[in-house]
Amino acid sequence: MAEAREQWHSRAAFIMAAVGSAVGLGNVWRFPYVAYSSGGGAFLIPYFVALFTAGIPLLILEMGLGQRLQRGAPLAFGAIRKPLQWFGWWVAGLSAAIVIYYTTILAWSWTYLWHALTQAWGDQPETFFFETVLRRSEGPGEIGWPVGPLVIGMALTWLLIYLILRKGVRSVSKVVMVTVPLPMLLLAVLLVRGLTLPGAIDGIRYYLTPDFSMLTDWRIWLKAYGQIFFSLSLASGVMIGYGSYLGKKAEVTNSALITGLANCGTSFFAGFVVFSMLGYLANVQGVAVPDVTTSGSGLAFVTFPTAISQLPALNALFGVIFFVTLLTLGIDSAFALQEAFTTGFHDKWGVHPEKLARVFVLIAFPISLIFVTRGGYFWFDIVDKWICDFGLVISGLAQCLIVGFLYRVREFRDYLNEQSEVRLGNWWIWALRYVTPGVLSVILVANLLEEIKVGYGGYPRWATLIGGWGTVLLWGVLGFVLWRRPQNSDRVNARGED
Amino acid sequence: MPLSAWLMLVFGCTILYGGLAWCIGIAVRQRDRNANASAESPTAAGPEDR
């Protein structure tokens, strides 16, 4: 007889975990730049439209599916149509692939946390990042050995993930009560520091001043949908896995609304932190704010360290605060992604959470070392691009179509409404069936055309074929193998399935 | 900062933080109602309500 499924300690623990998973590094290093370069304050209009017509409907779908079926992505899709379990394993596999390369950023952050004590990057942070920290080679063909300090950072990250996940959702319920509010608090400290610096208000003016003429450009709307989609940890099976640990009578719709709004509220807030610092940096360097504005790893590991070095006092303290913020933002997303993958093994074969966490970490850690080799930065870039631009988009599109057309969606909506604090109307079904699939199809076609016409990042084709398409397709093969492996007989009996 | 930037600031804060406060308010009121219901009838709400 299989044991009873674990549940979250409380509704607050579930919401905290979902917010922790959604809020990640992208909220700090991507949203502010996308907003600034896409019409400033005017970007909020397409951003909110995307949030309410695609982000929150998909969030409700994923949390609701997990809660109703009490299974992670693989068996949840398998319950809709048996062969779809293959798709479910592929979705979960994407989350495993993401956590393996995502830990690279946390390894960089650990290294920078150490260097922040002395601001070791000096006055050449770009050279320091690429040559001293990453020891970057000439291209993806020149891999080299793993870089020692980054291996230590990687090992620390995986050890933390193991410790957090070894008791399953019981330990996650406790950890998120610290790791979710802490980065918010640290961001608030950085904001207070940023706002008291000269030039900060100039930075914020660039961030907020609206350019409404940009709203007539369809690409801005596409960007808003893309930002919402990637920012909410959608399509990777995380929210299905987390939802599966809710009780059968638990509320879903309002929890999804809270998660979505908290995630976007953090992004909006982080924009003030980033742009107040950029305004100060521009002021000190005597240049315009756009000249220092950047995003991604360039913002976190080049521009921000420069700003920290230029602070009038307590540079080491604010350096440490910034990199601890990155670490705490990233670790929630990392363990949520691993949990999304391993939940399938628990559901299908009844493997204990501690064993799952241990085996996954022991397999994933050596694989992740590829990304901290001298050529690792290039492979990180390629895998990230393909998983996000193709893997997750295809997964999100397929999820909407599967639930919208193969899974009695009206009955599903009524089920959610029975226990919900906020009622769903027909708009939700329309969003799932037409709006989100329509937008994701356009994004997918645009990404495919760009890849065919110009390639990506000047990388050789063999590298994008192996690292990009290879990673996405590999999980299709592994997903097939996992689907075909028979389920444990006690799990079959417990669920009344064959 | 220009007036339009201030207006977008108010717009963003109202939708995001106002919306968040509204949703949390609904959840808190529902929790209180459930607590009252379970106090009146101990079998009305169990651990599955989490």
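Preceding this paragraph is the structure being described.
Criteria and cut-off values
- Residues numbered from 1 in each chain as written.
- Chains lettered and ligands numbered in written order.
- Predicted model: local features only at pLDDT ≥ 70, side-chain atom pairs only at ≥ 80, totals over all residues.
- Heavy atoms only, no water.
- 1 Å grid on protein atoms, 1.4 Å probe; cavity = no way out; pocket = protein on both sides within 12 Å on 5 of 7 lines; lining within 4 Å.
- Points joined across faces, edges and corners; volume = space filled by probe spheres on them.
- Helix = DSSP H or I, 4+ residues; strand = E, 2+ residues; numbered from the N terminus.
- Nonpolar A, V, L, I, M, F, W, Y, C, P; charged D, E, K, R; others polar.
- Bend = angle between axes of the 7 residues up to and from the residue.
- Buried < 20%, exposed > 50% of the residue type's maximum accessible area, 1.4 Å probe, protein only.
- Salt bridge = Lys/Arg side-chain N within 4 Å of Asp/Glu carboxyl O.
- Contact = heavy atoms within 4.5 Å.
- Buried area = accessible area lost by both parts, 1.4 Å probe.
- Polar contact = N/O pair within 3.5 Å; in protein donor to acceptor, adjacent residues only side chain to side chain.
- Axes fitted to C-alpha atoms, helices over the stretch in contact; angles between N-to-C directions.
- Parallel < 35°, antiparallel > 145°, perpendicular 65-115°, else oblique.
- Left-handed = near helix turned anticlockwise from the far one by under 90°.

Undergrad: How do you make sense of the layout of surface pockets when you look at a structure like this?
TA: Sizing a probe to match a water molecule and rolling it over the atoms shows the empty space that remains. Residue and element names in this part refer to chain A. As a volume, the largest pocket reaches approximately 1600 Å³. Along its surface, the largest pocket is lined by 47 residues, and Arg-30, Phe-230, Asp-384, Cys-388 and Asp-389 are the ones closest to its centre. In terms of residue count, helix 12 (residues 218-231) provides more of the lining of the largest pocket than any other element does, 9 residues in total. When the residues that make up the lining of the largest pocket are grouped by side-chain class, the tally is 24 nonpolar, 15 polar and 8 charged.

Undergrad: Would you take a moment to explain helix 19 (residues 376-406) of chain A for this structure?
TA: One turn of the α-helix equals 3.6 residues, which is why residues spaced by three or four share an orientation. Considering bend angle alone, the principal kink of helix 19 of chain A is centred on A:Ile387 and spans about 35 degrees. The buried fraction of helix 19 of chain A is high, at 26 of 31 residues.

Undergrad: Explain the pattern of salt bridges here, please?
TA: Residues and elements named next belong to chain A. Summed over all chains, the structure comprises 13 salt bridges over all chains. Across the pair Glu-251 and Arg-11 runs a salt bridge, and its minimum N-O distance is 3.2 Å. Remark: Arg-11 occurs in helix 1 (residues 11-22) and Glu-251 occurs in the loop between helix 13 (238-243) and helix 14 (253-285); sequence separation between them is 240 residues. Neither Glu-251 nor Arg-11 differs from the other in exposure class; each is buried. A salt bridge links Asp-202 to Arg-205; the shortest N-O distance between them is 3.6 Å. Within this pair, Asp-202 and its partner Arg-205 are both found in helix 11 (residues 200-208), separated by 3 residues, close to a single helical turn. Given a relative accessible area of 33%, Arg-205 falls into the partly exposed group. Ionic contacts of the salt-bridge type, sharing partners, join the residues Arg-11, Glu-251 and Glu-421 into one network.

Undergrad: Mind showing me how you'd approach the interface of chain B and chain A here?
TA: Many analyses report the size of an interface as the accessible area lost when the parts associate. Counting residues at the interface gives 23 residues for chain B and 35 residues for chain A. Across the chain B/chain A interface, buried area totals approximately 2300 Å², and carbon plus sulfur atoms make up 76% of it. At the junction of chain B and chain A, the tally comes to 0 salt bridges. The interface formed by chain B and chain A includes 2 residue pairs in polar contact (both at pLDDT 80 or more). When its residues are assigned to classes, the side of chain B that touches chain A shows 16 nonpolar, 4 polar and 3 charged.

Undergrad: Honestly, the packing of helix 7 (residues 125-133) of chain A against helix 16 (residues 296-309) of chain A in this entry has me stumped. Any pointers?
TA: Any two packed helices are characterised by the angle at which their axes cross and by the distance between the axes. Residues and elements named next belong to chain A. Relative to each other, helix 7 and helix 16 sit at 130 degrees, their axes nearing to 8 Å. Accordingly, the angle class assigned to the pair helix 7 and helix 16 is oblique. Considering only the axes of helix 7 and helix 16, their crossing is right-handed. Touching Pro-125, Glu-126 and Phe-129 of helix 7 are Ser-297, Phe-301, Val-302 and Thr-306, all from helix 16. In terms of residue class, the contact of helix 7 with helix 16 is made up of 4 nonpolar, 2 polar and 1 charged.

Undergrad: What am I meant to see in the environment of A:Tyr206 here?
TA: Residue and element names in this part refer to chain A. Mapping Tyr-206 onto the fold places it in helix 11. Classification of Tyr-206 by relative accessible area gives partly exposed; the value is 30%. Sequence-wise, Tyr-206 and Gly-298 are 92 residues apart; in three dimensions their C-alpha atoms are separated by 19 Å. Sequence-distant contacts of Tyr-206, defined by excluding residues within four places in its chain, comprise Tyr-36, Ala-288, Val-289 and Pro-290.

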